[in-house]
Amino acid sequence: MAAGIDDISVYIPKLYVDASDFAEARGLDPQKLVRGLGISKMAIVDSNQDPACLAANACLQIMQKNKLSPEDIGRLYVATESSLDESKAMNSYVIGMLEQVYGSGSFQHCGGIECKFACVSGSYALYDNSNWIRAGESEDKHALVVVSDIAKYDLGSSGEMTQGGGAIAMLLNDKPRLLEFDPKVTSTSIKNEYDFYRPFGKETPVVHGQYSNLLYLIQVKNALVDYTKKAIKTGLITLADDESMLDHMDYINMHLPYSNMGKKALAYLVRHEWRSTPRWAKIIEQVGMNEPVPKDPRGTIESILADSEFMTKDHEFTKRFANTNDYQEVYENKVASSLIASKMIGNLYTASLYLGFRSCLEFEFQKGIDLDSKRFGFASYGSGSSAMVFSGVIQPEYEEIVKDMNLEAEIGERKKLSLEEYEQLHENKLKPEQSLLNAKKEFVLEYVEGLSSESRGERRYSFAD
Ligand code: CAA
């Protein structure tokens, strides 16, 4: 049985910090954010928003657009790394909010959990729900998988320039109009790591930035190697002598903690893929230097990062490689469109990969490209750490979904925050009733029961008309 994404909706908060204003306030060169990381705006949540209301807003949008009633939904999963409770799952809050619109008890039949594995958990949730559909358990109902996060780092930390927030809801079924997943090729890589983690009670993560960048690349490459083996074994592709797996993907979507991570990851994967093909000799000629090797090629990530001579040479090699016509062609045709939305919005953790997918659909369609039957590869990464590589094919009815996509219009008018307003929100100085915007036709947080109450921690939401 087939399974895939039938439709996709995006909810992005309407407040943002401008990257250049931010850089100036932190004494950084704005070009580091704009050119170095590929960030122009970071979406910021208001004081009456949390990841559960972002998720509920994305769900309501997709249900209303497709005229679905709760009876049509069999499962509602929320994947997040911005958990609100150590026990109560985020999808229960979302169901509570949706029932304010659809009626109390209207989702009672619906199953689901909150999923956690940093930014990769949404991909595991999609895979598990696809298998629920493939197993014939769905009884013609849809699964809703929502990825929702607020990417928040300590003030003044190196991660602070890679913040953002938002949610994406994906409707899954056995006759998807948008993308059908390729069966039996989904591949994973997993290892106990401390590149980025958020201990209990801490609102922001502990991050080892450069370590996390390199670990992301290694983990995604490992999952791609496994994916390639499965794609050949299942007959999904046949690899000719001078071909690599990436030649068989029309588009590649990467996890995007910041937009340029997509470029970085593509360069790393393409180097790995092409190194053993006959075309590599021509590439090395164009690059004009040999590919550097670390002093200890079997060393740890720490030893590689500490090998400054190798790191400098490798940086130079990557820069030259990224300027070759062969790489540029792959970048422009397979990845560039997926990076546009991330520049406008910032990091969405679990939702970043799917914002990239959504961005690719909208901006490739606008170029007049026929996307029917195109294969999309997905490279998902979650710190801690695990990567997942999978793929799917665009379906003939895709145009029905993609023709109306317009991210700017969907977000609506946005308010640029002053640095003072941003820092007040960041440090949780404003109460929900002191929100900077008047929400309309969306779910908002009203209050959280305080420490002195018997029901401490209970969260109350309402639908702002
Ligand atoms: N003009 C133009 N470019 C500039 C510049 C300038 N003035 N100054 C610096 N740059 C470039 C640098 O050359 C670099 O480009 P390359 O990557 O091509 O080398 C880029 O800007 C970034 O500069 P640095 O590497 O020096 O930046 P940094 O070390 O201060 O911070 C970061 C970067 C490590 C990503 C940091 O923002 C961070 O810790 N972020 C949080 C962790 C993270 O996002 N990790 C990603 C992988 S893990 C993951 O993906 C999970 C997740 O979602 C968090």
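Residues numbered from 1 in each chain as written. Predicted model: local features only at pLDDT ≥ 70, side-chain atom pairs only at ≥ 80, totals over all residues. Heavy atoms only, no water.

1. Describing the overall build of the chain
Logical step 1: When you go through the chain residue by residue, the secondary structure sums to 16 helices and 17 strands.
Logical step 2: Computed over its C-alpha atoms, the radius of gyration of the chain comes to 22 Å, within 12% of the 23 Å expected for a compact globule of 465 residues.
Logical step 3: In terms of overall dimensions, the chain has a C-alpha envelope of 65 × 55 × 40 Å along the principal axes.
Logical step 4: For the chain, the accessible surface area stands at approximately 20,200 Å², while carbon and sulfur atoms represent 48% of it.
Logical step 5: Across the chain, 51 positive and 68 negative side-chain charges occur, with their mean positions spaced 3 Å apart. (Helix = DSSP H or I, 4+ residues; strand = E, 2+ residues; numbered from the N terminus. Rg over C-alpha atoms; globule rule 2.2 N^0.38 Å. Areas by Shrake-Rupley, 256 points an atom, 1.4 Å probe, with all protein chains shown as cover. Lys, Arg positive; Asp, Glu negative; His and termini not counted. Charge placed at Lys NZ, Arg CZ, Asp CG, Glu CD.)

2. Remarks on the state of the cysteines
Logical step 1: In total, this model carries zero disulfides according to the counting rule given.
Logical step 2: With no disulfide partner, Cys53 has as its closest neighbouring cysteine sulfur the one in Cys59, 12 Å distant.
Logical step 3: Of the cysteine sulfurs around Cys110, a residue in no disulfide, the closest is that of Cys59, at 9.5 Å.
Logical step 4: We classify Cys110 as buried; its relative accessible area is 12%. (Disulfide = S-S within 2.5 Å. Buried < 20%, exposed > 50% of the residue type's maximum accessible area, 1.4 Å probe, protein only.)

3. Let's talk about the sheet that holds strand 3 (residues 41-44)
Logical step 1: The strand order 3-2-15 describes an open sheet built from three strands, whose pairing is mixed. Of all strands in the sheet, those bounded by a partner on one side alone are strand 3 and strand 15 (415-416).
Logical step 2: Summarising the sheet, strand 2 (residues 15-18) and strand 3 pair through four bridges and their orientation is antiparallel. What sits directly across from Val17, in strand 3, is Met42. (Pairing = 2+ DSSP bridges.)

4. What to know about unusual backbone geometry
Logical step 1: Across the junction of Gly384 and Ser385, the peptide omega takes the value 0 degrees, indicating a cis bond.
Logical step 2: Structurally, Ser385 is set in the loop between strand 13 (375-382) and strand 14 (386-394).
Logical step 3: We note that Ser373 has phi near 70 degrees; this positive angle belongs to a residue other than glycine.
Logical step 4: In this structure, Asn428 takes a positive phi of about 55 degrees despite not being glycine.

5. Overview of the nonpolar core
Logical step 1: Ranked by internal contacts, the top residues of the largest apolar core, which has 62 residues, are Tyr216, Leu224, Tyr227, Met254, Leu266 and Phe321.
Logical step 2: Contact partners of Leu266, with chain neighbours within four places excluded, come to Ile252, Met254, Tyr327, Val330, Tyr331 and Val335. (Core = buried A, V, L, I, M, F, W, Y, C linked by side-chain atoms within 4.5 Å. Contact = heavy atoms within 4.5 Å.)

6. Some remarks on the packing of helix 8 (residues 280-287) against helix 10 (residues 308-322)
Logical step 1: Viewed as axis vectors pointing N to C, helix 8 and helix 10 meet at an angle of 105 degrees, and their least axial separation amounts to 9 Å. The angle between helix 8 and helix 10 falls in the class roughly perpendicular. When helix 8 is examined against helix 10, the residues Trp280, Ile283, Ile284 and Val287 are found in contact with a partner set consisting of Phe317, Arg320 and Phe321.
Logical step 2: A breakdown of the residues in the contact of helix 8 with helix 10 according to their chemical character gives six nonpolar, no polar and one charged. (Axes fitted to C-alpha atoms, helices over the stretch in contact; angles between N-to-C directions. Parallel < 35°, antiparallel > 145°, perpendicular 65-115°, else oblique. Nonpolar A, V, L, I, M, F, W, Y, C, P; charged D, E, K, R; others polar.)

7. Observations regarding the environment of Glu114
Logical step 1: Secondary-structure assignment places Glu114 in strand 5 (residues 114-115).
Logical step 2: Judged by its relative accessible area of 18%, Glu114 is buried.
Logical step 3: A C-alpha to C-alpha distance of 24 Å links Glu114 and Pro183, two positions 69 residues apart in sequence.
Logical step 4: Those residues in contact with Glu114 that sit more than four places away from it in its chain are Val78, Thr80, Ser83, Lys88, Ala89, Met90 and Asn91.
Logical step 5: One polar contact links Glu114 to Ser83, side chain to side chain, over a distance of 2.6 Å. (Polar contact = N/O pair within 3.5 Å; in protein donor to acceptor, adjacent residues only side chain to side chain.)

8. Description of the packing of aromatic side chains
Logical step 1: Per the counting criterion, the structure on display carries 23 aromatic pairs.
Logical step 2: When the centroid spacing of 5.4 Å and the interplanar angle of 50 degrees are considered together, the rings of Phe321 and Tyr327 count as tilted. By the burial criterion, Phe321 is buried, and Tyr327 matches it.
Logical step 3: The interplanar angle of 10 degrees and the centroid separation of 6.3 Å between the aromatic rings of Tyr327 and Tyr331 together place this pair among those described as stacked. Remark: Tyr331 and Tyr327 occur in helix 11 (residues 325-335); sequence separation between them is four residues, near one turn of the helix.
Logical step 4: Take Tyr331: its relative accessible area is 10%, and that puts it in the buried class.
Logical step 5: Three or more aromatic residues joined by ring pairs make a cluster, and in this case those are Phe181, Tyr251, Tyr354, Phe357, Phe376, Phe378 and Phe390.
Logical step 6: Directly above the aromatic system of Tyr16 lies the positively charged group of Lys41, at a separation of 4.9 Å from the ring centroid. (Phe/Tyr/Trp six-rings, centres within 6.5 Å; stacked < 30°, edge-to-face > 60°. Lys NZ or Arg CZ within 6 Å of the ring centre and 35° of its normal.)

9. Section: the side chain of Ser342
Logical step 1: Inspection of the secondary structure assignment puts Ser342 in helix 12 (residues 340-345).
Logical step 2: Assessed through its relative accessible area of 4%, Ser342 is described here as buried.
Logical step 3: A distance of 3.4 Å separates a polar side-chain atom of Ser342 from the backbone nitrogen of Ser259.

10. Examining the packing of helix 7 (residues 259-274) against helix 11
Logical step 1: Closest axis-to-axis distance for the helix 7/helix 11 pair is 11 Å, and the angle between their directions is 125 degrees. Considering their axes alone, helix 7 and helix 11 lie oblique with respect to each other. Every pair of crossing elements has a handedness; the one defined by helix 7 and helix 11 is right-handed. Seen from helix 7, the contacting residues are Lys263, Leu266, Ala267, Val270 and Trp274; seen from helix 11, they are Asp326, Tyr327, Val330, Tyr331 and Val335. (Left-handed = near helix turned anticlockwise from the far one by under 90°.)

11. Thoughts on the site of the ligand
Logical step 1: Inspection of the region around the ligand gives 27 residues, with Lys32, Ser158, Gln210, Lys264 and His315 positioned closest.
Logical step 2: At 2.8 Å, a backbone N or O of Ser158 approaches an oxygen atom of the ligand.
Logical step 3: Here the ligand loses 76% of its free accessible area of 1,000 Å² to cover by the protein chains.
Logical step 4: The residue inventory of the shell around the ligand, partitioned by class, reads 11 nonpolar, 13 polar and three charged. (Near = heavy atom within 4 Å.)

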